[in-house]
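Fold and geometry: a report
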Amino acid sequence: MTKHPQLPRADWLARRARILGCAASLVHDAEERILLLHTSWSDEWQLPGGGHDEGEDLWHTAVRETYEETGLAMPDHPELLAVDWGLHPEGIPEIFTLFKGPLVDASTVDVKLSDEHDDWRMLTAEEWAPLVHPEQARVLAVATEVLRGGRCRYLREASHLADVR
């Protein structure tokens, strides 16, 4: 057996993969409507969420981002709906985690938007589908399936692994 050469720690760390981590929450109501936020810089709708900060785990990213972008508190315990592995538009590997967010009443929920967003709506995954990117529509459909009692899904570029060829 050949002995594995030891690299100095700094060299070993420099060779490790760099992965972007981001997390979002699925704020929803009893009718399976999902809250999305309209970005203030482009005509896009997105889930409350964002990139993780140094030293933060992905659950705490979802908690922080949801509060910063909506003023809403996350449930006390994390419930993972989906994990999506893909490439950031800049070609960097990225892991996206989607957690079950708060169950709200769409007619009374008090959403406090950050300056990153200028509007919010609650629609079903089917109603959102023509308004968002196809990948996001697939993630919303998967998340709705999990809310109905399905199991957490591991995705690759917003598709079930069985669907990826």
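In case you missed it, the structure is sitting above this.
So, here's what we can say about the structure. (Residues numbered from 1 in each chain as written. Predicted model: local features only at pLDDT ≥ 70, side-chain atom pairs only at ≥ 80, totals over all residues. Heavy atoms only, no water.)

Roughly 890 Å³ of internal volume is contained in the largest pocket. Lining the largest pocket are 28 residues, and of these C22, P89, E94, F96 and Q136 lie nearest its centre. Listing elements by their share of the lining of the largest pocket, those giving two or more residues are β1 (20-28), β3 (45-46), β4 (49-51), β5 (80-87), β6 (93-103) and α4 (134-147). Looking at the lining of the largest pocket residue by residue, the class counts come to 14 nonpolar, 9 polar and 5 charged. (1 Å grid on protein atoms, 1.4 Å probe; cavity = no way out; pocket = protein on both sides within 12 Å on 5 of 7 lines; lining within 4 Å. Points joined across faces, edges and corners; volume = space filled by probe spheres on them. Helix = DSSP H or I, 4+ residues; strand = E, 2+ residues; numbered from the N terminus. Nonpolar A, V, L, I, M, F, W, Y, C, P; charged D, E, K, R; others polar.)

Looking now at the side chain of E69. Tracing the chain through its elements places E69 in helix α2 (residues 58-70). Here E69 is buried and forms no salt bridge, its nearest opposite-charge partner R64 lying at an N-O distance of 7.3 Å. In this structure, E69 is in contact with L37, L47, P48, G49, K112, L113, S114, E116 and H117, ignoring residues within four places of it in sequence. (Buried < 20%, exposed > 50% of the residue type's maximum accessible area, 1.4 Å probe, protein only. Lys, Arg positive; Asp, Glu negative; His and termini not counted. Salt bridge = Lys/Arg side-chain N within 4 Å of Asp/Glu carboxyl O. Contact = heavy atoms within 4.5 Å.)

Turning our attention to the packing of aromatic side chains. For the structure on display, the rule yields 2 aromatic pairs. Ring centres of W45 and W128 lie 5.1 Å apart, and the angle between their planes is 50 degrees; on these two criteria the pair is classed as tilted. A residue pair is termed long-range when its members are at least 10 positions apart, and W45 in strand β3 and W128 in helix α3 (residues 125-128) qualify at 83 residues. Taking the relative accessible area as the measure of exposure, W45 reaches 8% and is therefore buried. Since its relative accessible area comes to 0%, W128 is described here as buried. Judged by centre distance (5.2 Å) and plane angle (70 degrees), the ring pair of W59 and F99 falls under edge-to-face. With W59 in helix α2 and F99 in strand β6, this pair connects stretches of sequence that are 40 residues apart. Accessibility assignment for this pair places W59 and F99 in one class, buried. (Phe/Tyr/Trp six-rings, centres within 6.5 Å; stacked < 30°, edge-to-face > 60°.)

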